[in-house]
Amino acid sequence: MIHRSSSSTRRLVAPALAFVCALFLSYFSIRNAIAAHYAGLQTLQGYQRATRLEPRDFRNWHLLGRYWQYNLEDTDTARAIQSYNVALSLNPRSADIWSDLGAAYEAEGNVGEAGDAFRRAKSAYPLSAEISWRYGNFLLRQGETDAAFLEMRHAVEAEPKRGAEALSRALSAEPHIDLLVARVLPPVSDAYVSAIVDQISGGHIANALLLWNRLAALHPKLRLENYSFSLVSALLRGNQVAEAQRVWAQTAEFTGFGNLPEPAGSVLWDGGFESGVFGNGFAWALPAGVPGVQFSLDHHEKHSGKQSLRLLFNGRYNLQLLGPCVEAPVQPSTAYNFSAWIRTLSITTEQGIRFQLRPLGTPDNSTVVTSDLRGTQPWTRVEIPWISGKNVQETQVCVARLPSQEVDDKIQGMAWVDDVALVPVAPEPRKP
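Computed from a predicted structure; not experimentally measured.

## Quick word on helix α9 (residues 163-171)
Residues three or four positions apart in an α-helix share a direction because the helix packs 3.6 residues into each turn.
Moving on, step 1. Those residues of α9 that sit buried are Gly163, Ala164, Ala166, Leu167, Ala170 and Leu171. Along the axis of α9, the buried positions cluster into a sector of 165°, meaning they face one direction only.
Moving on, step 2. Lining the buried residues of α9 we find α7 (129-141), α8 (145-158), α10 (177-184), α11 (189-201) and α12 (205-216).

Right, dumping it as structure tokens:
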């Protein structure tokens, strides 16, 4: 009888204990959830309520410290430091809290304590790009440039996209970029690319070219993007045609377009439209906002290679077309032979498809045009001789269509162009 009573008691005690434990855990879970709710309000009152509800949670003290430090309308770095110290007493290995504490001490003018806090942050998380970045900027503000550049380099190694900002800030302390680059930028392509873009946007083309040369020495594998177009275009605007040509040739190599099939000796890039790349620089550029014509690459109809460029006219406009166009470097006072292949299908009006050449970077605006093709014609080679002027280093080649003299003659049909070439004419040997 006594034995049965003891067993019954034990059976009742176990569920009771489980219920108490569940109640206990639920209480703390609910309190934690309420604290998280108040912290999520991102207000002073919310952060203070969170620290009262969960005083052992270092994250609440960290958030309260950041409020006092970074709220522009209610800044109090002394209180921020107090909150950070409480947070660090609960979690002394938090690199983020040490870093924020360092920034707070620096704002208070306590450089010694700030430096110690940043070093503690670095020790807690030596591989963090953000910690290296903040520490490096602190050192830069203190004039410790060697150590600052090293920390910035660590930050860029971890996050190469920081390369642009790292170089920009370092240049404020050391204006000689050639002495600075290797100290701030690791040999990583993305770091150089971001810095090149930044220098181009700031108009510092000489800096961008120096960075490009450093990048080219790495023989990187790149994507053909706007920064390479922008650098080449900027060099061309500065009449640095030879440098632009070199950068473009390297770009083509690094992006896998270095071996496009080209007529021997042609100075045009991608005269066969094999790359499918359109833009600025030495790539073909499609005209914008021209009504009545559509451009596309055609894999089925081509003169050679894998594709050609197709023009489709809808018959609604008597348009004057100048483009697509491509720019090419040339030698001054040199004879060239221009050639291209054109095919047409049902091209209407007395003005068909032709090519136009004109010099760039010179007051000489004279142009030459090839004969045109209209109606339906098989692949036909058009050509014309062209001589560059005395100071001409660059020319522009464009697909063209002149407007019909009859206003109502609206062009319709299709045309294809392929294998466009501009080849220097070898001088005849002198007679003995």
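## Quick notes on the sheet that holds strand β2 (residues 308-314)
Moving on, step 1. Ordered by their spatial adjacency, five strands build an open sheet running β1-β2-β9-β4-β7, and the pairing between neighbours is antiparallel. The sheet terminates laterally at β1 (293-298) and β7 (375-387), the two strands that pair on one side only. Averaged over all pairs of adjacent strands, the angle between strand axes in this sheet comes to 25°, irrespective of strand direction.
Moving on, step 2. Strand direction decides the pairing type here: β1 and β2, joined by six bridges, are antiparallel. Residue pairing across strands places Phe295 opposite Leu311, the latter belonging to β2.

## Points about the pairing of β2
Strand residues, when the strand is regular, have side chains that alternate between the two faces of the sheet.
Moving on, step 1. Of the pairings in the sheet, the one linking β2 to strand β9 (residues 412-424) comprises six bridges and is antiparallel in character. When the bridges of β9 are listed, Phe313 appears paired with Gly413.

## Some details on the sheet that holds strand β5 (residues 354-360)
Moving on, step 1. With antiparallel pairing, four strands are arranged side by side in an open sheet as β3-β8-β5-β6. The outermost strands of the open sheet, each flanked by one partner alone, are β3 (321-329) and β6 (368-369).
Moving on, step 2. In the sheet, β3 pairs with strand β8 (residues 394-401) via seven bridges, with the strands oriented antiparallel. When the sheet's bridge partners are listed, Glu327 is paired in β8 with Gln396.

## Concerning the state of the cysteines
Moving on, step 1. In total, this model carries one disulfide according to the counting rule given.
Moving on, step 2. Each sulfur in the disulfide pair Cys325 and Cys398 lies 1.9 Å from the other. When the S-S torsion is 110°, as for the bridge of Cys325 with Cys398, the disulfide is right-handed. With Cys325 in strand β3 and Cys398 in strand β8, this pair connects stretches of sequence that are 73 residues apart. Across this residue pair, the class does not change: Cys325 and Cys398 are buried.

## Some thoughts on the pairing of β8
Moving on, step 1. Of all the eight residues making up β8, eight are buried; the element is thus mostly covered by neighbouring parts of the structure.
Moving on, step 2. Where burial is concerned, the two faces of β8 agree: the one with Glu394, Gln396, Cys398 and Ala400 and the one with Thr395, Val397, Val399 and Arg401 are both buried.
Moving on, step 3. Where β5 lies against β8, seven bridges are found, and the strand directions are antiparallel. Looking at the pairing, Leu357 lines up with Val397 of β8.

## Overview of the pattern of salt bridges
Moving on, step 1. Within the structure shown, the criterion is met by 17 salt bridges.
Moving on, step 2. For Arg310, the salt bridge is made with Asp298, and the minimal N-O distance between the two is 3.8 Å. Residue Arg310 is found in strand β2, and its partner Asp298 is found in strand β1; the two are separated by 12 residues along the sequence.
Moving on, step 3. Between Arg374 and Asp372 there is a salt bridge, and its shortest N-O distance comes to 2.9 Å.
Moving on, step 4. Arg374 gets classed as partly exposed once you look at its relative accessible area, which sits at 36%.
Moving on, step 5. Here the salt bridges share partners, and the residues they tie into one network are Arg66, Asp100 and Arg134.

## So, unusual backbone geometry
Moving on, step 1. Cis peptide bonds are those with omega within 30 degrees of zero, and the linkage from Gly323 to Pro324 qualifies with 5°.
Moving on, step 2. Topologically, Pro324 is positioned in strand β3.
Moving on, step 3. Despite not being glycine, Asn239 has its phi angle at roughly 60°, a positive value.
Moving on, step 4. Of note, Asn239 is situated in the loop between α13 (226-237) and α14 (241-254).
Moving on, step 5. Even without a glycine there, the phi angle at Asp419 is positive, about 50°.
Moving on, step 6. Tracing the sequence through the fold places Asp419 in strand β9.

## Thoughts on the packing of α7 against α9
Moving on, step 1. Two elements in contact, α7 and α9, have axes whose closest approach is 11 Å; the angle formed by their N-to-C orientations is 10°. By the angle between their axes, α7 is roughly parallel relative to α9. In this structure, α7 contributes Trp133, Asn137 and Leu140 to the contact, and α9 contributes Glu165, Ala166 and Arg169.
Moving on, step 2. Residues belonging to the contact of α7 with α9 are distributed by class as follows: three nonpolar, one polar and two charged.

## Details of the nonpolar core
Looking at soluble globular proteins, one finds that nonpolar side chains tend to be buried together.
Moving on, step 1. One finds Leu101, Leu185, Ile196, Leu211, Trp212, Leu231 and Trp269 to be the most contacted residues of the largest nonpolar core, which totals 77 residues.
Moving on, step 2. When neighbours within four sequence positions are excluded, Leu211 is seen to be in contact with Leu167, Ile177, Val181, Leu185, Tyr192, Ala195, Ile196 and Gln199.
Moving on, step 3. In this structure, Ala340, Ile342, Leu373 and Val399 belong to the second largest nonpolar core, which totals 32 residues.

## A closer look at the side chain of Asp372
Moving on, step 1. Of note, Asp372 is situated in the loop between β6 and β7.
Moving on, step 2. For Asp372, a relative accessible area of 16% puts it in the buried group.
Moving on, step 3. Only 2.7 Å separates the side chain of Asp372 from the backbone nitrogen of Gly352, close enough to count as a polar contact.
Moving on, step 4. A distance of 2.9 Å separates the side chain of Asp372 from the side chain of Arg374, its partner in a polar contact.

Reading the values: the criteria
- Residues numbered from 1 in each chain as written.
- Predicted model: local features only at pLDDT ≥ 70, side-chain atom pairs only at ≥ 80, totals over all residues.
- Heavy atoms only, no water.
- Buried < 20%, exposed > 50% of the residue type's maximum accessible area, 1.4 Å probe, protein only.
- Helix = DSSP H or I, 4+ residues; strand = E, 2+ residues; numbered from the N terminus.
- Arc of directions from axis to C-beta.
- Contact = heavy atoms within 4.5 Å.
- Pairing = 2+ DSSP bridges.
- Axes fitted to C-alpha atoms, helices over the stretch in contact; angles between N-to-C directions.
- Disulfide = S-S within 2.5 Å.
- Salt bridge = Lys/Arg side-chain N within 4 Å of Asp/Glu carboxyl O.
- Parallel < 35°, antiparallel > 145°, perpendicular 65-115°, else oblique.
- Nonpolar A, V, L, I, M, F, W, Y, C, P; charged D, E, K, R; others polar.
- Core = buried A, V, L, I, M, F, W, Y, C linked by side-chain atoms within 4.5 Å.
- Polar contact = N/O pair within 3.5 Å; in protein donor to acceptor, adjacent residues only side chain to side chain.

Everything listed is a geometric property; what it means functionally is a separate question.
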